[in-house]
Amino acid sequence: MCGIVGYVGELACGEVLLDGLSRLEYRGYDSAGIAIWDGESIRRVRAEGKLFNLDRRFRENPIEGSIGIGHTRWATHGAPVERNAHPHRVDDVVLVHNGIIENHTALRQELEAEGRVFESDTDTEVLAHLVARERAAGHDLLHAVRRATGHVRGSWAVVVLDAHSPDELVAARHASPLVIGLGSGENFAASDVPAILRHTRRMIFLEDGDTVRLTRTAVEITAEDGSRVERTPKAITWDPVAAEKQGYKHFMLKEIHEQGDRIVDTLRGRILLDEDEVTLPSLATLEGIVPSLRRIVILACGTSWHAGLVGRYAIGGLARLPVEVELASEFRYRNPVMDGETLAIAISQSGETADTLAAIEEAKRLGARTMTICNVMESSMTRAVEATLYTHAGPEIGVASTKAYTTQLSALLLLALWLGQLRGTIPAAERQATIRSLRALPRQIEEMLGDEALIREVGREYMHARSMLFLGRGNEFPTALEGALKLKEISYIHAEGYAAGEMKHGPIALIDEELPVVVVAPRNRLLEKTMSNLEEVRARGGRVIAVGDRSVSELERHADHVLHVPSTTEWVQPILSVIPLQLFAYAIADLRGTDVDQPRNLAKSVTVE
Ligand code: AGP
C-alpha cells in the first residue's frame, strides 16, 4: 500500500518527509516524491524506484522549507514511472493520495471537457484537479477538499498543500487510514504510525469522513456532516519495529487480519449493486471471445495453484466451462495441446514467478488467449498477457501467502460470475446470492479473527506433531492443500493435503494417535460425506481438528476440536474456510519460534526455475 507523510512545523521538512517515507518502505512501493513550500513556491521532487533515488535527487537540489508532503506509491492505476508518482500538482495545489478512485474515468472525462489537461495516467490526479477547481471557485482549502471528495467514489487518504495558503495542510480520509501526529509547534499527517513515531507518540486516528486542517499550532477536524469535532489523541506505546507491523508480531499475522479490507478493495468497483451484476472493464478485450471459448487452463504455482483449483469449481459451476488447473512447472514441459478457443489464465501474486511466466509464454506459442490474475501493477506477468484482473491485496510482505490467496479467490469468483453472465449460464437467484455472500465476507472474517486466541491454544496442543494430514472434499479439497502448505512452509512440520474421498485408498494406513488430522467440513452439500471420513479417522484412534460451523452439533461430538467457520454460499465458502487454517499454522510456527515472515529456504517470489 502507498505511504503518506505530511509535516508543518519548525524543522527542515525534507528530512522529516524522507525519514518518514523510509519508515514506510516495508509497505512496498515503486516510486516516491515530496513537495515543499520554500517561502516563494511549492517545489517538487519525484523519482521512480526506491527512495534512494528520491533522496539522491533531493540532495542534488535541496529544498529549504518547513511545510510539505511526501508519498511512496504502490501503483494501482498507471505505470510506476515518474510522471505517475505523487505528489500530483494541479495549478498551485499539490496532493498525495492512498486508495482507489472508482469513478476516476468519468470524472477525468468531465474535467477534460472543461479544458483541464492531465499529465499522468493515475486516478489520483483527478482528485488534484477537483481540489484545484474548488480553489479556483474561491473556496478555502478545507472546504475545497471536502467539496472535491464529495464527487468521488472509492477510498482515499489525502494530504493537500496549496501555494495560496502555505501555512496549512488539509488532510481527509475515507476507507483508507490516516493518522495525525500532535507535536509542540509542529503537527504531522501519515498513512501509518511508523512514519512519525520518532517525532511524537500522541496520535489521532481519523475516522471516515473526517477532514482536518493542520497548522504549526492547530489541528481542526471537521466530520462528514460538516460539524467541528474533537478526536481523542491516543498514546502510542509501540516500539518503532512493532509499529511497522501496526502492532502485530509478524507481517503474516497483520496480513491475515487485513484480509477483509483487502477483499473489499478487490471487489471495489466490480459489482454493480443495483443489478447485482459483475463488471470487469479490464477484461473488455476478452469479452468478444467468451461465447466461443471451449475451455480454460489455469497456470500457477504454490498457493496460487491452490487458488486455481478452487476457481475451477466456481468457473465450472457458474460458467459451465471445462477448466484444467496446471502446475506451471509441469505444463511448460508437457508439450500440451492448446488452441485459440482456450483461455489461459496465469495466477500469480508477484507476477514474476519464472515457471508461471514460462508457462504463459508456452500457452501463447500454442495460440491460446491469455490473461492473468495478479497483485503487482506492471509486473512481468501483466505485460505478458492480453488482459489483467488485479487483486488489490497491497504488498504482501510475509513469504507465506494469505491475503493474496483470499483476494485471488475473490477475483476468481468475480471472473466466474462475469463469464457466467456473458454465457447466460447463471440463474439470477444464484448470482445474487453469491454476490451477497461476497459482500458479507468482511463482517464474517472479522468474526472469525476473534477466535485467534482459541485457535492458538489448539495449535499449542499440536505444535510438536511430526506430521499432519489435511482432508477436504469438493472445493474444500484445495483448502486442505493450502492448509497443509501453510503449516509446512512456516512451522517446518511435514503436512499433506488430501481429497477426503481418497483417504481409504491409502492414507488411512497412516492414521493413529500420533497423526493429527485436520478435516475441512463446512456446512455444504458434501458435509455428510465428510463427516463419515472424520468418523473413520476417529475409529482408528486418530485425533481430529475439524474446520466447521459450530452450529453443526455432530461436529462437536466427532472432533477433538472445532475451528469455527461461518456458513456461506458454496462458491464463497473456501474464502472463509482457509482462515482458521492460516491462524492455526501461524500459531504453531510462532510457538515453535520459526522465522514466520521469512521461513528458511523460501523466497517471496521464485524468479528462477
Ligand atoms: C505460498 O505461501 C508461497 N508464497 C508460494 O507457494 C507462492 O504461492 C508461489 O511461489 C507462487 O508465487 P506467485 O503467486 O507470486 O506466482
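About the criteria used
- Residues numbered from 1 in each chain as written.
- Predicted model: local features only at pLDDT ≥ 70, side-chain atom pairs only at ≥ 80, totals over all residues.
- Heavy atoms only, no water.
- 1 Å grid on protein atoms, 1.4 Å probe; cavity = no way out; pocket = protein on both sides within 12 Å on 5 of 7 lines; lining within 4 Å.
- Points joined across faces, edges and corners; volume = space filled by probe spheres on them.
- Helix = DSSP H or I, 4+ residues; strand = E, 2+ residues; numbered from the N terminus.
- Nonpolar A, V, L, I, M, F, W, Y, C, P; charged D, E, K, R; others polar.
- Pairing = 2+ DSSP bridges.
- Contact = heavy atoms within 4.5 Å.
- Axes fitted to C-alpha atoms, helices over the stretch in contact; angles between N-to-C directions.
- Core = buried A, V, L, I, M, F, W, Y, C linked by side-chain atoms within 4.5 Å.
- Buried < 20%, exposed > 50% of the residue type's maximum accessible area, 1.4 Å probe, protein only.
- Phe/Tyr/Trp six-rings, centres within 6.5 Å; stacked < 30°, edge-to-face > 60°.
- Right-handed = clockwise from strand over helix to strand, strands pointing away.

Visitor: With reference to specific residues and values, describe the layout of surface pockets.
Guide: One number sums up the size of the second largest pocket: a volume of about 860 Å³. Residue lining of the second largest pocket: 29 residues in total, with Glu102, Leu267, Arg268, Gly269 and Arg270 positioned closest to the centre. Taken together, the elements giving at least two residues each to the lining of the second largest pocket come down to α3 (104-113), α8 (259-267), β16 (271-272) and α15 (428-449). The residue makeup of the lining of the second largest pocket, split by class, is 13 nonpolar, 10 polar and 6 charged.

Visitor: Explain the sheet that holds strand β3 (residues 42-48) to me, using residue names and the numbers behind them.
Guide: Strand order in the open sheet made by the 8 strands is β3-β2-β4-β1-β10-β9-β11-β15, with antiparallel pairing throughout. The sheet is open, and its two borders are formed by β3 and β15 (234-235), each paired with just one other strand. Of the strand pairs in this sheet, strand β1 (residues 3-8) and strand β4 (residues 67-73) are connected by 6 bridges, and their pairing is antiparallel. What sits directly across from Val5, in β4, is Gly70. Across the sheet, helix α1 (residues 13-22) lies against β1, β2 (31-37), β4 and β10 (187-190), angled at about 155° from β1, the strand it touches most. Contacts from helix α2 (residues 51-60) reach β2, β3 and β4, with the element oriented near 140° to β3.

Visitor: Which residues make up the nonpolar core, and what values do they have?
Guide: Ranked by internal contacts, the top residues of the largest apolar core, which has 86 residues, are Ile296, Ile315, Met371, Leu415 and Phe584. Each residue touching Phe584, except ones within four places of it in the same chain, is listed here: Ile455, Val458, Gly459, Tyr462, Met468, Val518, Ile545 and Leu563. In this structure, Leu24, Tyr26, Ala47 and Met203 belong to the second largest nonpolar core, which totals 29 residues.

Visitor: Which residues make up the packing of aromatic side chains, and what are the values?
Guide: Evaluation of the coordinates by the stated rule reveals 1 aromatic pair. Residues Tyr7 and Phe188 carry aromatic rings whose centres are separated by 5.1 Å and whose planes lie at 55° to one another, so their mutual orientation is tilted. Remark: Phe188 occurs in strand β10 and Tyr7 occurs in strand β1; sequence separation between them is 181 residues. Tyr7 gets classed as buried once you look at its relative accessible area, which sits at 0%.

Visitor: So what about the pairing of strand β21 (residues 369-374)? Which residues, and what values?
Guide: Burial of β21 is extensive: 5 of the 6 residues sit out of reach of the surface. Judged from the 6 bridges that link them, strand β20 (residues 342-348) and β21 form a sheet pairing that is parallel. Across the sheet, Ala346 pairs through a bridge with Thr372, a residue of β21. Read as a crossover between parallel neighbours, the route from β20 over helix α12 (residues 354-365) to β21 is right-handed. Sheet analysis places β21 next to strand β22 (residues 387-390), joined by 4 bridges and oriented parallel.

Visitor: Break down the environment of Gly593 for me, with residues and values.
Guide: The topology assignment puts Gly593 in the segment after α20 (573-592). When its relative accessible area of 58% is taken as the criterion, Gly593 is described as exposed. Each C-alpha atom, one on Gly593 and one on Ile455, is 17 Å from the other, the two residues being 138 residues apart in sequence.

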